[in-house]
Amino acid sequence: MNVHDSEKMAGILKAEGYTETAYTEEADLIIFNTCSIRQKAEQKFRSELGRIKLLKIKNPLLKIAVAGCIAQQKGRDILKRNPQVDYVFGPQNVHKLSSMLTADTMVCIEDNPEIQHTDIPAERKDNVKAWVSIMYGCNNFCSYCIVPYTRGREKSRPSENIYKEIHELSENGFKEVTLLGQNVNSYDSDTNFAGLLRKINAITGIERIRFVTSHPRDLSDELILCIKELPKICGHIHLPLQSGSSRILKLMNRGYTYEDYLEKVGKLKECVPDIAITTDIIAGFPSETDNDHSLTIEALKRIEFDGIFAFKFSPRPGTKAAEMDDKISEKIKSLRLYEILGYQDDITLRKNKELEGSLQEVLVEGVSKTNNGKITGRTRTNKIINLEGDAALVGRLINVEIRKALRHSLEGRLTNQA
Ligand code: SAH
Ligand code: SF4
């Protein structure tokens, strides 16, 4: 989501006549688009901000902006504590960037009640696949999560606006879109999420549709049917479980039990047999016992995810979980995370190995950065695949035979064009 917000900022700046530079020393404007989902992201930003101070001494005309969720949370305080910063704006105020640049200093962290109607043309680097916002904010208030506080309440873009944006992308040669929202399953505008998918599926030129993130509680039968029936929807769903313990899920305010989750996964696998399922896991939520942790490990073994993102619980100031007693020590959190990742590594590799010898439809996304003469793309199930092939194939759907499975990618051979 932040990457796409940055594309929108780039779109605004391009219209203002700015061009991008790879060298901070050359820049007239530097924007930090910050994330505060976990403490680690915040720390990275702080050390970068310190580094940039010197540049401002060398180039007094340089303007520095802090955007994103840290900007939203800290607001004017950032200006006070960091005299090198000129502008501060939160994720709901990206559209104000151009007017901000005419001011000396500015802080924009107010809510934008019309964000769903505030369309900003994004400047995208890629020309095969594109992120597209379908909704903003979140109403869920999972007890560990800062997002509802920084990105505000849930608001869905009208389907017509989304349709127009994707139609234009298709005319510009894009082949794949990933629909973005914190909880896409609760998309609610002039139609629901299934209705939106049907509409997008009809756009000629777009070959693949993906979406993130799905909240397990709101994963409806109608949506599962859509994944099965609409040919362009890829067979991959990112469905964050967070914990295999229903007691912890309750404390997290996730709105489902482990059993509910299993039931949804069962339906998904029954309806779409080849579907790849990936997830997010939090290790060491307050009061998590060894038993709760082993329930998470059991869940990984039982569900056999295609991949996971796992994180140590990070207390975010202002959230309920940050106030909870019985915090888990850093050491235990690390041990649990390590164990989770270890189990999953084996599962990921095993699942990838199952694909050896199979034929997969691949959308070629680009030439490989590391290997000359190689191209890279993804299967419908979102697995990265590298193979020998001509750069002219970029943007095309091809059939690939999987020769070798590695943990984080596959190696294949071009058979013919799909
Ligand atoms: N809206 C998405 C998730 C957005 S945040 C959803 O509900 O699925 C992405 C992931 O970061 C979450 O799924 C969670 O696993 C992790 N995360 C969020 N807050 C966290 C925190 N305070 N500590 C550790 N991990 C966190
Ligand atoms: Fe955060 Fe939960 Fe909303 Fe996801 S659904 S953004 S985890 S509050």
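Below you will find a few notes about this structure.

Definitions and cut-offs
- Think of each chain on its own: its residues are numbered from 1, step by step along the sequence as written.
- Each chain takes a letter, starting from A, and each ligand takes a number, starting from 1, following the order in which they are written.
- Residues qualify for local features only when their pLDDT is at least 70, as the model is predicted, and side-chain atom pairs are given and counted only at 80 or more; totals for whole chains, interfaces and linings, by contrast, use all residues.
- As a convention, hydrogens and water are excluded, and side-chain values are obtained from all of the structure's heavy atoms.
- Residues belong to a common nonpolar core when they are buried Ala, Val, Leu, Ile, Met, Phe, Trp, Tyr or Cys residues joined through side-chain atoms within 4.5 Å.
- Remark: exposure states derive from per-residue accessible area (1.4 Å probe, protein chains only) relative to the maximum for the residue type, with buried under 20%, exposed over 50%, and partly exposed in between.
- Here a residue-residue contact requires only that any non-hydrogen atoms of the pair lie within 4.5 Å.
- In this scheme, strands are said to pair when DSSP sees at least two bridges between them.
- In this text, helices come from DSSP runs of H or I with a minimum length of four residues, and strands from runs of E with a minimum of two, each type numbered from the N-terminal end.
- All axes here are fitted lines through C-alpha atoms, helices being fitted over the stretch that makes contact, and every angle between N-to-C directions spans 0 to 180 degrees.
- Any residue with at least one heavy atom within 4 Å of a molecule or strand is counted as near it.
- Think of it as three bins: nonpolar holds Ala, Val, Leu, Ile, Met, Phe, Trp, Tyr, Cys and Pro, charged holds Asp, Glu, Lys and Arg, and polar takes everything else, Gly as well.
- The crossover handedness rule: strands pointing away from the viewer, path from first strand over the helix to second strand clockwise, crossover right-handed.
- Site definitions follow a grid-based scheme: protein atoms alone, a 1 Å grid, a 1.4 Å probe that fits but cannot get out for cavities, and for pockets an open set with protein on both sides within 12 Å along at least five of seven lines, plus lining residues having an atom within 4 Å of a point.
- Grid points are joined across faces, edges and corners, and a volume is the space filled by probe spheres set on the points.
- Angular relationships are summarised with four words: roughly parallel below 35 degrees, roughly antiparallel beyond 145, roughly perpendicular across 65 to 115, and oblique for the angles in between.
- We define a polar contact as two N or O atoms separated by no more than 3.5 Å, with the added condition that, inside protein, one atom must be a possible hydrogen donor and the other a possible acceptor, whereas residues neighbouring each other in sequence contribute only through side-chain atom pairs.
- Surface accessibility follows the Shrake-Rupley procedure with a 1.4 Å probe radius. Residue values consider only the protein chains on display as shielding.

**Considerations on the nonpolar core**
In globular proteins that are soluble, nonpolar side chains generally tend to be buried together. Residues Leu179, Phe193 and Leu197 are the most contacted members of the largest nonpolar core, which totals 65 residues. Non-local contacts of Phe193, meaning those with residues more than four positions away in its chain, are made with Ile134, Leu179, Val184, Asn185, Tyr187, Phe211 and Leu223. One finds Phe45, Leu55, Ile64 and Val66 within the second-largest nonpolar core, a separate group that totals 17 residues.

**Section: the sheet that holds strand β1 (residues 29–34)**
Reading across the sheet, the four strands line up as β1-β2-β3-β4 and stay open at both edges, with parallel pairing between neighbours. In this open sheet, the two strands that pair with only one neighbour each are β1 and β4 (106–108). For this sheet the average axis-to-axis angle between neighbouring strands, irrespective of direction, equals 10°. Where strand β2 (residues 63–67) meets strand β3 (residues 87–89), three bridges bridge the pair, whose relative direction is parallel.

**Some words on the site of ligand 2**
Surrounding ligand 2, one finds Cys138, Asn140, Phe141, Cys142, Tyr144, Cys145, Val147, Pro148, Gln182, His215 and Arg254. Classifying every residue of the shell around ligand 2 gives seven nonpolar, three polar and one charged.

**Quick notes on the pairing of strand β9 (residues 208–212)**
For β9, a buried count of four out of five residues is recorded, marking the element as mostly surrounded by other parts of the structure. The pairing of strand β8 (residues 176–180) with β9 spans five bridges and is classified as parallel. Among the inter-strand pairings, Thr178 is bridged to a residue of β9, identified as Arg210. Following the chain from β8 across helix α8 (residues 193–201) to the adjacent parallel β9, one finds a crossover that is right-handed.

**Describing the layout of surface pockets**
Of the volumes computed, that of the second largest pocket is approximately 840 Å³. Lining of the second largest pocket is provided by 24 residues; of these, Ala10, Leu13, Thr19, Glu20 and Thr21 occupy positions nearest its centre. Going through the elements one at a time, α1 (2–15) and β1 are the ones with two or more residues in the lining of the second largest pocket. When residues of the lining of the second largest pocket are assigned to their parent elements, the largest contribution, seven residues, is made by α1. Partitioned by chemical class, the residues of the lining of the second largest pocket number 11 nonpolar, five polar and eight charged.

**What to know about the packing of helix α11 (residues 258–271) against helix α12 (residues 290–303)**
A pair of packed helices is captured by two measures, namely the crossing angle of their axes and the spacing between those axes. Closest axis-to-axis distance for the α11/α12 pair is 12 Å, and the angle between their directions is 10°. With respect to α12, the axis of α11 lies roughly parallel. Each of Tyr258, Tyr261, Leu262, Val265 and Lys269 in α11 lies in contact with α12, whose residues at this interface are Ala299, Arg302 and Ile303. Residue composition of the contact of α11 with α12, grouped by class: six nonpolar, no polar and two charged.

**Things to note about the environment of Arg217**
Tracing the backbone through its elements, the reader meets Arg217 in the loop between β9 and α9 (221–229). Once the C-alpha coordinates of Arg217 and Asp260 are considered, the two residues, 43 residues apart in sequence, prove to be 8.1 Å apart. In this structure, Arg217 is in contact with Asn140, Asn183, Arg254, Gly255, Tyr256 and Lys264, ignoring residues within four places of it in sequence. In terms of polar contacts, Arg217 uses its side chain to reach the side chain of Asp218, at 2.9 Å.

**Observations regarding the site of ligand 1**
As a structural note, the neighbourhood of ligand 1 is formed by 15 residues, with Gln182, Pro240, Gln242, Asp280 and Ser314 the closest of them. In this structure, a nitrogen atom belonging to ligand 1 sits 3.0 Å away from a main-chain N or O atom of Tyr144. Contact with the protein chains removes 91% of the 550 Å² of surface that ligand 1 exposes when unbound. Looking at the shell around ligand 1, the elements with two or more residues in it are β11 (276–283) and β12 (307–312). A per-class count over the shell around ligand 1 returns six nonpolar, four polar and five charged.

**Notes on the pairing of β1**
A regular strand carries its side chains on alternate faces of the sheet. Both β1 and β2 contribute to a ladder of five bridges, which runs parallel. Across the sheet, the residue bridging to Asn33 is Ala67, located in β2. Note on the crossover from β1 through helix α2 (residues 39–58) to β2: the handedness is right-handed.

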